Amino acid sequence: MIATVALIAGIALGIHGDKLRWPFHRPDSIQTPSIWVNAVFPVLAFSFQQEIWQRALLQSALSRLWGNRWLGLASTAVLISSLQPSGQQGFALCSAVLLGVVFIRTRSVLSTTAVSLTVGLPLGMLQGGPLASEGLLARGDFLLMKPPLLLGLLSLAVAVELWYRRSPRLLQSIKAVARTLLLMAFAYALYKLTAILLAPLWQAVIGRGEWMKESAVVRMALLVSAAVPVMALAWLRRGPSLRELLALWPVASLGLVGVAAWIPAIAAAIAIPDAFRVGAFTSLSPLTANPRAWLGAALPLVVAALQEELVHRALVQSLLSRLFRSEWVGLVLGALHFAAFHPLESAVFVLPGGLLFGLVFMRTRSIVCTTLLHLTLNIATHLLHTAESMRSLFLSPDNSDAKRIAVGGLILVLTAAFEGVWRWSAHRRGPAGLPNERAAPASLAP
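Residues numbered from 1 in each chain as written. Predicted model: local features only at pLDDT ≥ 70, side-chain atom pairs only at ≥ 80, totals over all residues. Heavy atoms only, no water.

1. Observations concerning a nonpolar patch on the surface
Side chains of F48, I52, W53 and L57 sit close together on the surface and give an oily, nonpolar patch of about 380 Å² of accessible area. Inspection of the secondary structure assignment puts L57 in helix 2 (residues 32–66). Judged by its relative accessible area of 41%, L57 falls in the partly exposed class. (Patch = residues over 30% accessible without salt bridge, like charges linked within 9 Å, V, L, I, M, F, W, Y side chains within 5 Å. Areas by Shrake-Rupley, 256 points an atom, 1.4 Å probe, with all protein chains shown as cover. Salt bridge = Lys/Arg side-chain N within 4 Å of Asp/Glu carboxyl O. Helix = DSSP H or I, 4+ residues; strand = E, 2+ residues; numbered from the N terminus. Buried < 20%, exposed > 50% of the residue type's maximum accessible area, 1.4 Å probe, protein only.)

2. Observations regarding the packing of aromatic side chains
Here a ring pair, both rings aromatic, is described through the centre-centre distance and the interplanar angle of the planes. All told, the structure shown has 3 aromatic pairs when counted by the stated rule. For the pair F338 and F357, a centre-to-centre distance of 6.1 Å together with 80° between the ring planes defines the contact as edge-to-face. Within this pair, whereas F338 is found in helix 15 (residues 327–340), its partner F357 is found in helix 16 (residues 347–364), the two being separated by 19 residues in sequence. F357 matches F338 in its accessibility class, with the two residues each being buried. Residues F418 and W422 carry aromatic rings whose centres are separated by 5.7 Å and whose planes lie at 40° to one another, so their mutual orientation is tilted. In this pair, F418 and W422 are both assigned in helix 18 (residues 404–429), 4 residues apart and thus about one turn of the helix distant. What makes W422 buried here is its relative accessible area of 8%. Chaining the aromatic ring pairs together yields one cluster made of W249, F418 and W422. Cation over ring: R313 sits above F338, and NZ or CZ is 4.7 Å from the ring centre. (Phe/Tyr/Trp six-rings, centres within 6.5 Å; stacked < 30°, edge-to-face > 60°. Lys NZ or Arg CZ within 6 Å of the ring centre and 35° of its normal.)

3. Details of the packing of helix 12 (residues 263–271) against helix 18
At a closest axis distance of 8 Å, the pairing of helix 12 and helix 18 adopts a crossing angle of 130°. In this view, helix 12 runs oblique relative to helix 18, as classed from their interaxial angle. As for the relative orientation of helix 12 and helix 18, their crossing is right-handed in sense. Of the residues in helix 18, those in contact with I263, P264, I266, A267 and A271 of helix 12 are A406, V407, L410, I411 and L414. Broken down by class, the residue content of the contact of helix 12 with helix 18 amounts to 10 nonpolar, no polar and no charged. (Axes fitted to C-alpha atoms, helices over the stretch in contact; angles between N-to-C directions. Parallel < 35°, antiparallel > 145°, perpendicular 65-115°, else oblique. Left-handed = near helix turned anticlockwise from the far one by under 90°. Contact = heavy atoms within 4.5 Å. Nonpolar A, V, L, I, M, F, W, Y, C, P; charged D, E, K, R; others polar.)

4. A look at the packing of helix 3 (residues 69–82) against helix 4 (residues 89–106)
Contact geometry of helix 3 with helix 4 gives a least axis separation of 8 Å together with a crossing angle of 150°. By the angle class used here, helix 3 and helix 4 are roughly antiparallel. Helix 4 is crossed by helix 3, and the crossing has right-handed handedness. The residues of helix 4 that touch helix 3, namely those facing R69, W70, L73, A77, V78, I80, S81 and S82, are Q89, A92, L93, A96, V97, G100, V101, I104 and R105. For the contact of helix 3 with helix 4, a count of residues per class yields 11 nonpolar, 4 polar and 2 charged.

5. Quick word on the pattern of salt bridges
Inspection of every chain in the model, using the stated rule, returns 7 salt bridges. Salt-bridge contacts for E51 lead to R55; the nearest nitrogen and oxygen are separated by 2.9 Å. Here E51 and its partner R55 are both found in helix 2, 4 residues apart, which amounts to about one turn of the helix. Like R55, E51 is buried. For E419, the salt bridge is made with R363, and the minimal N-O distance between the two is 2.5 Å. With E419 in helix 18 and R363 in helix 16, the pair connects residues that are 56 residues apart, well separated along the chain.

6. Observations regarding unusual backbone geometry
The backbone of R237 sits at a positive phi, close to 60°, despite the residue not being glycine. Relative to the helices and strands, R237 resides in the loop between helix 9 (214–235) and helix 10 (242–245). Since its relative accessible area comes to 65%, R237 is described here as exposed. Of note in this structure, R365 is not a glycine but carries a positive phi near 60°.

Here's what the structure looks like:
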């Protein structure tokens, strides 16, 4: 894929580097996600459908008919190119050869779809597409780069075959990546399908009870939608088991919760000590003296923490660790994914929080432990500054943002301390190694 993009970019820049233009539509900050979905999803669906027909059915059938996979590839490429308009036959032939070689070596339409997209999308940008009013090159200039492009596609097909023959493990790696991508697509489809099927139910319960506000119902809907693919992956043994996810880990949980509960207060005392010295406390809101108000404030926090841990740790981090075959890469990318769903101004403490939750999940495999930790930090933070359901107990709204950097720093300190204690505890237990690092866990198995 990388080689294909580099090939097309290199030819375009080498031949027409001085004639490239940038006629893209100005993106709208609100409509940009929908524009991308509407533009990319039809291309993805069409490419996948095309690969099923051309590779999984046609090329496989012709290879069986001739009794030779290379004759099957050649006859498929000739047949596909003959069905194209005269101006596109050369490109169809060369791309069919490249995709046919990839299919012979991987036996995966997911792999050929990915290669097909990496060929089609850059060429679409050069010629014009949904996100560009015109192509990056004029039509005459684009036609001039077709001969070296066709030669490059054939050379890339030869390079793929030679690379595979020198490194047979490439096949296994490609297959593992393709299976993981399919698993990620399955989990996302299950997530969206659950949300669509239960949408009428959630709409019906909004406003039915004292706590059934729209924000709370939305959180519960997200929680259920995330729980379904997590349970499905656990049942398929392609993710953490339910026993692992629901493990209590009382010593680790209580220790982390006990320390985390003081982090916002310590950060506030470090960052804005005058707020404590001069007694700059806001008066208690009447709501805070009402136990029902405390329940109403805590319940959305519990649901939100559990929902985020299911999505970002049990689902996203596990799948990313499986995709990259590395727990640490999954941890970092999962933390970045977690931070991306929060306001940018909160990244200074949300990203360290994501690293802490990800590390705890990597070591314990328990969303009970990470949810308790997440909930503790959320409640402690809400008690220090103004929240939606109550005024601050301690800090005035003017001081609520001054402690963010200190909170992020203390969370990083807690992350390092937890890892150090975990390694020390593992060393005391024996030389077998650290849990979750002795061997690839079930969530990383191909």
